[in-house]
Amino acid sequence: MLATPLAAQSPGPLKIEITDGVIEPLPFAVPTFVARNDAANDLAQDITRVISADLTNTGLFREIPQDAHIARIGSFDAPIQFSDWKAINAQALITGSVLAEPDGRIVVQFRLYDVFSEAPLGEGLQFVGTADGWRRMAHKVADAAYSRITGEGPYFDSRVVFVSEQGPKDARQKRLAVMDYDGANVTYLTSSDSIVLAPRFSPDGSRIIYTGYESGFPKVTVINVATLEKQTVGGVDQNMSFAPRFSPDSSKVVYSAEVAGNTDLYQLDLNTGAQTRLTTAPSIETAPSYSPDGSRLVFESDRSGAPQLYVMPASGGEGSRISFGEGRYGTPVWSPEDDYIAFTKQNAGRFHIGVMRTDGSEERLLTGAFLDEGPTWAPNGRVVMFTRETSGAQGAPALYTVDITGRNLQRAATPAAASDPAWGPLLR
C-alpha cells in the first residue's frame, strides 16, 4: 500500500487532551466519500463506515449523523462551506474520495479540517492499494485523523491473534485465529486437534509464538503467519515450556520451563540456539515480558508466598518486587510506550485488569469482574485488550477492550468464544 501527501496544509489548533477525568466526545462529521467513478460507489460507502466506527469506538469522538448534515460534498476539491458545519456543531470534518481503477487498484484521498478555525489539520493523504485492502485504507485514514487530533500514536491498522474456542465449557476445542483489530477478516492458523495457549506476535507481525500441546506436553512453538510452517523451540531436557514472548528485536525468546520439577525463566537465542537460564529460585517463575528496549523483564513469581510482579535485567539476576497491593498479581505486560505495566489482579473474589508504573507506583484498576485476565497492549499503549469469562455452566470467554484511564469498556467482535488475545504491531 502506497501513501503519498497531497498539497501541503497548515496545522490547526484542534486537539483532544486525554486525561483521567471525564472526556466529552469531540463531535465530528464524515460525509460519505466521493465516488470518482461508478465502480467506487460501494467502496466509498464502506470506507466511510469503517472510518466512522474506528473513531466512534474510541469513546473520544461522537459522529454527527449524515442526515443532520446541511452541506453535501459533491467534489473532493470543492471549497468547504465551514458555516454549514459550524451550524451543526461539528468540530472536525473528514472529507475524501475513492477511485476504482480498471486494473483492480483503488485510490483513496482524504483531508481533515478544524471547522471552527476553518483550517486544514495536517496535510491531505492519498493511499493506493488493491480493492481487497479497502479496510486497511479506511483504518489508515482513521489512524491519521485520530493521531492528529489526540496527539497519540495510531492503532486501528493492526491485527490481534487470539484463541478461538468452541464447544461445551468442559470440552472446548481451541485453535489459533488472527483478525483485524475490529474483528474483521478472521483467519485460522491451526486446527482444533490439540490445545493452544498464550499466542504472541513477533515484533514485525510475521510470526506467532505460542504454547502448543501437539506432543502431549506444553511446548513453545513458532508458526509463520504466511506459510503456517511450525517449529518447536526450547531445550530437549524441558518437560514443559510455556508463556513465551519474542524479544523486541525478534532475536530471542523468553519463556518458562519446568526442569527437574522446578519452573524457571529461560532465554533462547534464535540465531545461535544458545539457551540461558535466567532465574534459579525454588519458586514458580512465569509470564515474562520484555521492556520495549529489551533491557529488562517483568515477570510473575510466588517466591514471596503468593504470585507477585518482579522486574529484573533481561540477562537474569535478582528481581525487584514491584507489586505491593492486596491480592495476587499475574500476567504482566510491558507497555510499548515504556510508561506502564498491565497486569491481572485477583483480590476478594474478583479479578481485575490493572496498570501500574514500571516501578510499581500509581497502581490503577481498570476493570473488575468474575474473571478478567491476560491483558495485551494496543500498538500506541492507550488501549488494553483482555479476556473476560462469565460464570456458570454456560459461561464463556470473550475479548474486551478498555482505555488505560478505565473508560470505554467494550466487547470486541469475534465469531465465537475467544480468549488469550495478543495485539500485533501496526501493519506496514
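Everything below is about the structure shown above.
If you're wondering where the values come from, they're calculated on a predicted model, not measured in any experiment. (Residues numbered from 1 in each chain as written. Predicted model: local features only at pLDDT ≥ 70, side-chain atom pairs only at ≥ 80, totals over all residues. Heavy atoms only, no water.)

*Asks:* Describe helix H3 (residues 134-150), naming the residues involved and giving the relevant values.
*Replies:* In this model, H3 (17 residues) spans 24 Å end to end at C-alpha, consistent with the 24 Å of a helix rising 1.5 Å per residue. With 13 of 17 residues buried, H3 lies mostly within the body of the structure. Where H3 terminates, the next one or two residues include Gly151, which has phi positive at roughly 80°. (Helix = DSSP H or I, 4+ residues; strand = E, 2+ residues; numbered from the N terminus. Expected span 1.5 Å × (residues − 1). Buried < 20%, exposed > 50% of the residue type's maximum accessible area, 1.4 Å probe, protein only.)

*Asks:* Before we move on, could you go through the packing of aromatic side chains and cite the residues and values that matter?
*Replies:* The tally for this structure, following the rule as stated, stands at 13 aromatic pairs. Residues Tyr146 and Phe156 carry aromatic rings whose centres are separated by 5.5 Å and whose planes lie at 70° to one another, so their mutual orientation is edge-to-face. Linking Tyr146 in helix H3 with Phe156 in the loop between H3 and strand E9 (158-166), this pair joins segments that are 10 residues apart in sequence. A residue is classified by how much of its surface remains accessible, and Tyr146, at 3% relative accessible area, is buried. (Phe/Tyr/Trp six-rings, centres within 6.5 Å; stacked < 30°, edge-to-face > 60°.)

*Asks:* Give a description of the sheet that holds strand E28 (residues 372-377) that names residues and reports values.
*Replies:* Paired through their backbone hydrogen bonds, the strands of a sheet run either parallel or antiparallel. Across the sheet, four strands lie side by side as E28-E29-E30-E31; this open sheet has antiparallel pairing. Where the open sheet ends on each side, the last strands, each with one partner, are E28 and strand E31 (410-411). Two elements, strand E30 (residues 397-403) and E31, share two bridges in a ladder whose sense is antiparallel. The residue of E31 that forms the bridge with Thr401 is Gln410. (Pairing = 2+ DSSP bridges.)

*Asks:* Give a detailed account of unusual backbone geometry, specifying residues and quantitative values.
*Replies:* Unlike most non-glycine residues, Asn89 shows phi in positive territory, near 65°. Along the chain, Asn89 turns up in the loop between helix H2 (82-86) and strand E5 (92-100). At Thr331, a position not held by glycine, the phi torsion is positive, near 45°. Secondary-structure assignment places Thr331 in strand E24 (residues 328-334).

*Asks:* Run through the nonpolar core, naming residues and quoting values.
*Replies:* Counting residues in each nonpolar core, the largest one holds 49 residues, and the members touching the most others are Phe33, Ile51, Leu55, Ile94 and Phe110. A per-element tally of this core places H3 first, with nine residues. The contacts of Leu55, once residues within four sequence positions are left out, are Phe28, Phe61, Ile94, Ala142, Ala145, Tyr146 and Phe156. If you look at the next biggest cluster of nonpolar residues, it comprises 13 residues, including Val333, Leu366, Val402 and Ile404. (Core = buried A, V, L, I, M, F, W, Y, C linked by side-chain atoms within 4.5 Å. Contact = heavy atoms within 4.5 Å.)

*Asks:* Could you give me a rundown of the packing of helix H1 (residues 41-56) against H3, with the residues and numbers involved?
*Replies:* As a packed pair, H1 and H3 sit with axes 8 Å apart at the nearest point and diverge in direction by 45°. As far as their axial angle goes, H3 and H1 are oblique. The way H1 lies across H3 gives a crossing that is right-handed. Packed against H1, whose contacting residues are Leu43, Asp46, Ile47, Arg49, Val50, Ile51, Asp54 and Leu55, the element H3 presents Trp134, Arg135, Ala138, His139, Val141, Ala142, Ala145 and Tyr146 at the interface. For the contact of H1 with H3, the class distribution of residues is 11 nonpolar, one polar and four charged. (Axes fitted to C-alpha atoms, helices over the stretch in contact; angles between N-to-C directions. Parallel < 35°, antiparallel > 145°, perpendicular 65-115°, else oblique. Left-handed = near helix turned anticlockwise from the far one by under 90°. Nonpolar A, V, L, I, M, F, W, Y, C, P; charged D, E, K, R; others polar.)

*Asks:* Kindly report on the side chain of Asp114, identifying the contributing residues and their values.
*Replies:* Assignment of secondary structure puts Asp114 in strand E6 (residues 105-114). Despite its burial, Asp114 pairs with no opposite charge; the closest candidate is Lys86, at 8.5 Å N-O. Within the structure, Asp114 has its side chain in polar contact with the side chain of Ser117 (distance 3.2 Å). (Lys, Arg positive; Asp, Glu negative; His and termini not counted. Salt bridge = Lys/Arg side-chain N within 4 Å of Asp/Glu carboxyl O. Polar contact = N/O pair within 3.5 Å; in protein donor to acceptor, adjacent residues only side chain to side chain.)

Bear in mind that shape data such as this cannot, by itself, settle questions of function.
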